[in-house]
Number of protein chains: 4
Amino acid sequence: MCPIAKLVEAHKRERRKEARPGELLDAALELFVEKGFAATRAEEVAAHAGVSKGTLFLYFPSKEELFKAVVRENISGRFREWNEAFETFTGDSAAMLHYCLDTWWARVGSTPASGIIKLIISEARNFPDLARFYHEEVEVPGRQLIRRVLQRGVDRGEFRIPDIDHAVFALIAPMMFLIMMKHSLGACSPDSFSVDPQSYIRAQVDLLLSGLCVRKDAA
Amino acid sequence: MCPIAKLVEAHKRERRKEARPGELLDAALELFVEKGFAATRAEEVAAHAGVSKGTLFLYFPSKEELFKAVVRENISGRFREWNEAFETFTGDSAAMLHYCLDTWWARVGSTPASGIIKLIISEARNFPDLARFYHEEVEVPGRQLIRRVLQRGVDRGEFRIPDIDHAVFALIAPMMFLIMMKHSLGACSPDSFSVDPQSYIRAQVDLLLSGLCVRKDAA
Amino acid sequence: MCPIAKLVEAHKRERRKEARPGELLDAALELFVEKGFAATRAEEVAAHAGVSKGTLFLYFPSKEELFKAVVRENISGRFREWNEAFETFTGDSAAMLHYCLDTWWARVGSTPASGIIKLIISEARNFPDLARFYHEEVEVPGRQLIRRVLQRGVDRGEFRIPDIDHAVFALIAPMMFLIMMKHSLGACSPDSFSVDPQSYIRAQVDLLLSGLCVRKDAA
Amino acid sequence: MCPIAKLVEAHKRERRKEARPGELLDAALELFVEKGFAATRAEEVAAHAGVSKGTLFLYFPSKEELFKAVVRENISGRFREWNEAFETFTGDSAAMLHYCLDTWWARVGSTPASGIIKLIISEARNFPDLARFYHEEVEVPGRQLIRRVLQRGVDRGEFRIPDIDHAVFALIAPMMFLIMMKHSLGACSPDSFSVDPQSYIRAQVDLLLSGLCVRKDAA
DNA sequence: GATGAATGAGATTTCATTCAT
DNA sequence: GATGAATGAAATCTCATTCAT
């Protein structure tokens, strides 16, 4: 083999080596979300990543550590970036809510990382430290961001909200429901949730903004 | 032991004997919800029910059958009764929504049976036939009931709803979220969800009824 | 089956249950001595005891705990009894030495428990806490007992010993050598050590008592 | 790099290269003695020798072959040389015994090669052919040498020995005991054997020469 | 020659399930 | 019917060995 070919080959191998943990984490996320931690066999994860059992344990010392790495890997601290977006947004607060949830869908909800939510829900009681980690890294900053948007609406005279905490939940709950449908029930009985996610998100926000009750001012 | 005492003992025993399967189902529900199906050991279930491992397999041919029985047992077809309530309800539709969800909380949400929802979410992909069963026995009639209430509101000129399907989800999602908090994340980090469930339900319905946006008619 | 037969059977089973740990410990001692801890498979131990793999782990939580139990079981604190024998012995000290080592052979050296010494020698560095345990429970009291016999001989004007510590080793070393031959080299090449143990012990003690050098007083 | 430096490097490298198998054997001896054959990982041996796992298998086709090489390497046929020393020794036989054992300590006992004895003891039953090899190459000629010294003493009227075979063991046993202490129990609990080896050897020989019993001729 | 990523046979350990009592 | 000792299939994890680089 000529020297250049050797270099290329070496490079390939190195690239594969560096890619391995990521490939394993992707495979593990998919299978853990699908079957749960306990019901997923380590060998299956390896096979999905195209390697042998032994290779998995070359990169992760145990199945449990693999699980923790999956969670850590897929919980990104993107909230700094989103908080910055909050500062610079200039439209009205209704548009801002739509923008927030659309962005969430584009960056999280529609990606495999969304599975992490179903995973955490399913395994929280078995991995309480991961649940706390998720709470601190995702729930707290996520709710804080929504709360700031709602508060902005109130401050600008656009929203009237008796209790902001409950309103935060009113926005989060439909997103969680969407994720559950995507990764759990909806994946089994397709007629259980046959809605386009983006229309769903838009509709949920609109409903919450306008309310169900007829408005005399709308007449 | 005197003959009467013996009779009493025998009677107790018989009552216990007949109660066995129920006790096993209760114990299984609790543990499956807490740890998931795969991570729950059959012996633990038996111990929780106060019987031996062998006894469990006397009543249920396998752990999987036990699981299915747990699901079937806790998915009650209460919808006939609730549909009858619908026919006789006389108040306005907002009150009716509140009534529906309050009743759901009293009869399902606040009972151990609520765990079945978290359980189904977690295990749906491993037990697709159970997911379908749940879909048919719970989701479909449940959504249908909510839809009838909403339609009644529209028909009576109380509600204005662009798309009733989405509105149904807007009512269900907060209830699902409540259950998830109760049985998963909230059970780990208590500050994750420290709201009184009944206030939460009331607030969610009110929010959805009135919407977030200020109403000129409120003046 | 008639009730009495039932009782007998039940009794048998119970006896077997109580006998299990002992049978497993015996099998484990034999195999650990023969092949070492690491090279002995847990399943082999179980098979030697006439049970299945699973049964072993019913009685010992891990292979390592089995090993520790083997050592503890076979290190008997018989030294109290032997110290009492020391108090009541009336013969001369040469006879007393013979008596001590003969007794040791009858009670330990010739029994399977002697294997524990080879086992400890082989595994000490992998199980330092067991080595310490052996040191405290066997070496220290064993040497102390020998030392008392030698000191008695000196006090009674029978022995002349420049350094008692070294003399203690001079008695212990041939016994250790005997054990090593029995359980290791001698078990492989039979012509490596084809001596009758009891003659060997007697000869070693006599040699040490009389010394090799010619004695003018013997003339 | 200048051409001379290159040459030096190349030379060093070559020396290293040729030294590899020896370094591996040294590392292997140390680790096998410390932890036993089965509990020593091939990678550890390689790491101790400063090479990679792959390199070990470049020089030795398997871990087992490495083990055999370790044993063969450390069982030197020094007995021809020692037998020659026997022919030329002119002092009395007591001095000759001291000389023999001192020499053994200097050439074997105090060197890493002494570990081979503990290793053979521990692994004999797993590698019977090695045990036989050790028996033929070390035990037989070693005992033969000791026997010749003792016989010389008897022939010269210096020693009176009822059974020379037993007397041979009486000299070997304390040396084996010393080695066991050095490599096993003494390495764990240091207070188990806190004697200077050379004093120990001298004392053991002296004890055996003079015996424990008081001698009237000493007056 | 040297490396170390990858492999997979084999070991330990768990646990659903059986069945003699 | 009830028990729990026993089983062995299946899972996790280790590590000697290979081989592409």
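Calculation rules
Residues numbered from 1 in each chain as written. Chains lettered and ligands numbered in written order. Predicted model: local features only at pLDDT ≥ 70, side-chain atom pairs only at ≥ 80, totals over all residues. Heavy atoms only, no water. Helix = DSSP H or I, 4+ residues; strand = E, 2+ residues; numbered from the N terminus. Rg over C-alpha atoms; globule rule 2.2 N^0.38 Å. Least-squares fit on C-alpha atoms with pLDDT ≥ 70 in both. Contact = heavy atoms within 4.5 Å. Domains from an automatic or database assignment. Buried area = accessible area lost by both parts, 1.4 Å probe. Buried < 20%, exposed > 50% of the residue type's maximum accessible area, 1.4 Å probe, protein only. UniProt positions renumbered as here; feature names shortened; annotations may be inferred. Axes fitted to C-alpha atoms, helices over the stretch in contact; angles between N-to-C directions. Parallel < 35°, antiparallel > 145°, perpendicular 65-115°, else oblique. Nonpolar A, V, L, I, M, F, W, Y, C, P; charged D, E, K, R; others polar. Salt bridge = Lys/Arg side-chain N within 4 Å of Asp/Glu carboxyl O. Polar contact = N/O pair within 3.5 Å; in protein donor to acceptor, adjacent residues only side chain to side chain. Expected span 1.5 Å × (residues − 1). Disulfide = S-S within 2.5 Å. Core = buried A, V, L, I, M, F, W, Y, C linked by side-chain atoms within 4.5 Å. Phe/Tyr/Trp six-rings, centres within 6.5 Å; stacked < 30°, edge-to-face > 60°. pLDDT = per-residue confidence, 0-100. Left-handed = near helix turned anticlockwise from the far one by under 90°.

By the naming in an unreviewed UniProt entry, chain A goes by TetR/AcrR family transcriptional regulator and is assigned to Ramlibacter aquaticus.

1. Focus on the overall build of chain A
The helix and strand tally for chain A stands at eleven helices and zero strands. Going from the N terminus to the C terminus, chain A shows its helices and strands as α-α-α-α-α-α-α-α-α-α-α. Relative to the globule expectation of 17 Å for 219 residues, the C-alpha radius of gyration of chain A, 22 Å, shows a markedly less compact shape. Seen through its C-alpha atoms, chain A measures out along the principal axes to roughly 80 × 40 × 35 Å.

2. A short note on the relation of the copies chain C and chain D
Its rotation angle being 180°, the transformation that places chain C on chain D also includes 0.0 Å of axial translation and leaves an RMSD of 0.2 Å. On this basis, the relationship between the two copies can be described by a two-fold rotation axis. Among all residues of chain C, the minimum C-alpha distance to the rotation axis is found for G211(C), at 1.8 Å. Most of the interface of chain C is mirrored in chain D, where 100% of its interface residues are also at the interface.

3. A look at the domain arrangement of chain A
All names here are of chain A. We note that the domain assignment places domain 1 (3-63) and domain 2 (75-212) within chain A. Computed over C-alpha atoms, the centres of domain 1 and domain 2 are 31 Å apart. With six residues of domain 1 at the interface, the matching set in domain 2 holds nine residues. With both sides pooled, the region where domain 1 packs onto domain 2 buries about 560 Å², and carbon together with sulfur makes up 73% of that total. Looking only at domain 1, the three residues that lose the most surface to domain 2 are L29, V33 and F37, adding up to 82% of its buried area.

4. Comments concerning the side chain of T103(B)
Residues and elements named next belong to chain B. Note that T103 resides in helix α6 (residues 93-109). Residue classification places T103 among the buried residues on the basis of a relative accessible area of 13%. Each residue touching T103, except ones within four places of it in the same chain, is listed here: W82 and V108.

5. Considerations on the UniProt feature "domain: HTH tetR-type" (unreviewed entry) in chain A
Under the UniProt annotation, "domain: HTH tetR-type" (unreviewed entry) lies at residues 18-78 of chain A. End C-alpha atoms of residues 18-78 of chain A are separated by 24 Å, and the span's content is 72% helix alongside 0% strand.

6. Things to note about the environment of E81(A)
Residues and elements named next belong to chain A. For E81, the location among the structural elements is in helix α5 (residues 79-88). Relative accessible area serves as the criterion here: at 39%, E81 is assigned to the partly exposed category. Residues E81 and H98, 17 residues apart in the sequence, show an inter-C-alpha distance of 17 Å.

7. Here we look at the packing of helix α5 (residues 79-88) of chain D against helix α8 (residues 128-155) of chain D
When two helices pack together, you describe them by how their axes are tilted relative to each other and by the distance separating the axes. All names here are of chain D. Viewed as axis vectors pointing N to C, α5 and α8 meet at an angle of 5°, and their least axial separation amounts to 11 Å. When the axes of α5 and α8 are compared, the pair comes out roughly parallel. Contacts between α5 and α8 pair F79, W82, N83, F86 and E87 from the former with E137, V138, P141, G142, L145, R148, V149 and R152 from the latter. Looking at side-chain class alone, the contact of α5 with α8 contains seven nonpolar, two polar and four charged residues.

8. Remarks on the UniProt feature "DNA-binding region" (unreviewed entry) in chain A
Here, the residues flagged by UniProt with the feature "DNA-binding region" (unreviewed entry) are residues 41-60 of chain A. Counting secondary structure, residues 41-60 of chain A comes out at 70% helix and 0% strand; the distance between its end C-alpha atoms is 14 Å.

9. With respect to the pattern of salt bridges
Summed over all chains, the structure comprises 44 salt bridges over all chains. For R72(A), the salt bridge is made with E65(A), and the minimal N-O distance between the two is 4.0 Å. D129(B) is the partner of K68(B) in a salt bridge, and the nearest nitrogen-oxygen pair spans 3.4 Å. Of this pair, K68(B) sits in helix α4 (residues 63-74) while D129(B) is found in helix α8 (residues 128-155), placing the two residues 61 residues apart along the sequence. For K68(B), a relative accessible area of 15% puts it in the buried group.

10. Description of the interface of chain A and chain B
Facing the 62 residues of chain A at the interface are 62 residues of chain B. Together chain A and chain B conceal approximately 5,600 Å² of surface at their shared face, both sides included; 65% is due to carbon and sulfur atoms. The largest share of the area that chain A buries against chain B comes from R125(A), H166(A) and L212(A), three residues that together contribute 14% of it. With a closest N to O distance of 4.0 Å, R125(A) and E34(B) form a salt bridge.

11. Observations concerning the interface of chain C and chain D
Contacts between chain C and chain D engage 62 residues on the former and 62 residues on the latter. Carbon and sulfur atoms supply 65% of the area that chain C and chain D bury against each other, a total of about 5,500 Å² over both sides. In terms of surface lost to chain D, no three residues of chain C exceed R125(C), H166(C) and L212(C), which account for 14% of the buried area on that side. At the surface where chain C touches chain D, the tally comes to two salt bridges. Here chain C is connected to chain D by 17 residue pairs in polar contact (both at pLDDT 80 or more). Those elements giving two or more residues to the side of chain C that touches chain D turn out to be α1 (3-35), α7 (115-123), α8 (128-155), α9 (164-183), α10 (185-188) and α11 (197-210) of chain C. Of the residues forming the side of chain C that touches chain D, the biggest block, twelve residues, is contributed by α9(C). Considered class by class, the residues forming the side of chain C that touches chain D number 36 nonpolar, 13 polar and 13 charged.

12. Focus: α9(C)
Residues and elements named next belong to chain C. Over its 20 residues, α9 runs 29 Å from end to end, which matches the ideal 28 Å to within 8%, given 1.5 Å per residue. In terms of burial, α9 is a largely internal element, 18 of the 20 residues being buried. Measuring from the backbone nitrogen of D165 back to the side-chain oxygen at the start of α9 gives 2.9 Å, which picks out D163 as the cap.

13. Overview of the state of the cysteines
A full pass over the atoms with the stated rule returns zero disulfides over all chains. Cysteine C100(A) is unpaired, with the sulfur of C213(B) as its nearest cysteine sulfur at 15 Å. For C100(A), a relative accessible area of 18% puts it in the buried group. The thiol sulfur of C213(B) is not disulfide-bonded, and the nearest other cysteine sulfur, from C213(A), lies at 14 Å.

14. So, helix α4 (residues 63-74) of chain C
A rise of 1.5 Å per residue sets the reference length of α4(C), with its twelve residues, at 16 Å; its end C-alpha atoms lie 17 Å apart and thus fit the reference within 8%. Looking at α4(C), one finds that the buried residues are L66(C), F67(C), K68(C), A69(C), V70(C), V71(C) and N74(C).

15. Section: the nonpolar core
Within soluble globular proteins, side chains that are nonpolar tend to cluster in buried spots. The biggest cluster of nonpolar side chains holds 150 residues, and the ones touching the most others in it are L150(A), L212(A), L150(B) and L212(B). V149(C), L207(C), V70(D) and A124(D) belong to the second-largest nonpolar core, a separate cluster that totals 149 residues.

16. Quick look at the packing of aromatic side chains
According to the stated counting rule, one finds 52 aromatic pairs over all chains in the structure shown. Look at F37(B) and F67(B): their rings are 5.0 Å apart centre to centre, the planes differ by 65°, and that puts the pair in the edge-to-face class. On the criterion of sequence distance, the pair formed by F37(B) in the loop between α1 (3-35) and α2 (42-48) and F67(B) in helix α4 is long-range, its members being 30 residues apart. Here F37(B) falls in the buried class, since its relative accessible area comes to 12%. Measuring from centroid to centroid gives 5.0 Å for F193(C) and F169(D), while their planes differ by 50°, and the two rings are tilted. Of the two residues, F193(C) is situated in the loop between α10 and α11 and F169(D) in helix α9 (residues 164-183); the pairing between them involves two chains. The buried category is assigned to F169(D), whose relative accessible area is 6%. Put simply, the rings of F32(A), F37(A), F67(A) and F127(A) touch in pairs and so form one group of aromatic residues.

17. Observations regarding the confidence of the model for chain A
Detailed reading of the predicted coordinates is not advisable wherever pLDDT falls low. For chain A, per-residue confidence averages 90 on the pLDDT scale, and residues scoring 70 or more make up 90% of the total. Note that residues 1-9 of chain A has pLDDT below 50 and, in this model, two contacts with residues that lie over four places away or in other chains.

18. Quick word on the packing of α8(C) against α9(C)
All names here are of chain C. Running from N to C, α8 and α9 cross one another at 120°; their axes reach a closest spacing of 9 Å. Here α8 and α9 pass one another in a crossing that is right-handed. Residues R143, I146, R147, L150, Q151 and V154 of α8 lie in contact with α9, whose contacting residues are I164, D165, A167, V168, F169, L171 and I172. Each residue belonging to the contact of α8 with α9 can be placed in one class, and the counts come to nine nonpolar, one polar and three charged.

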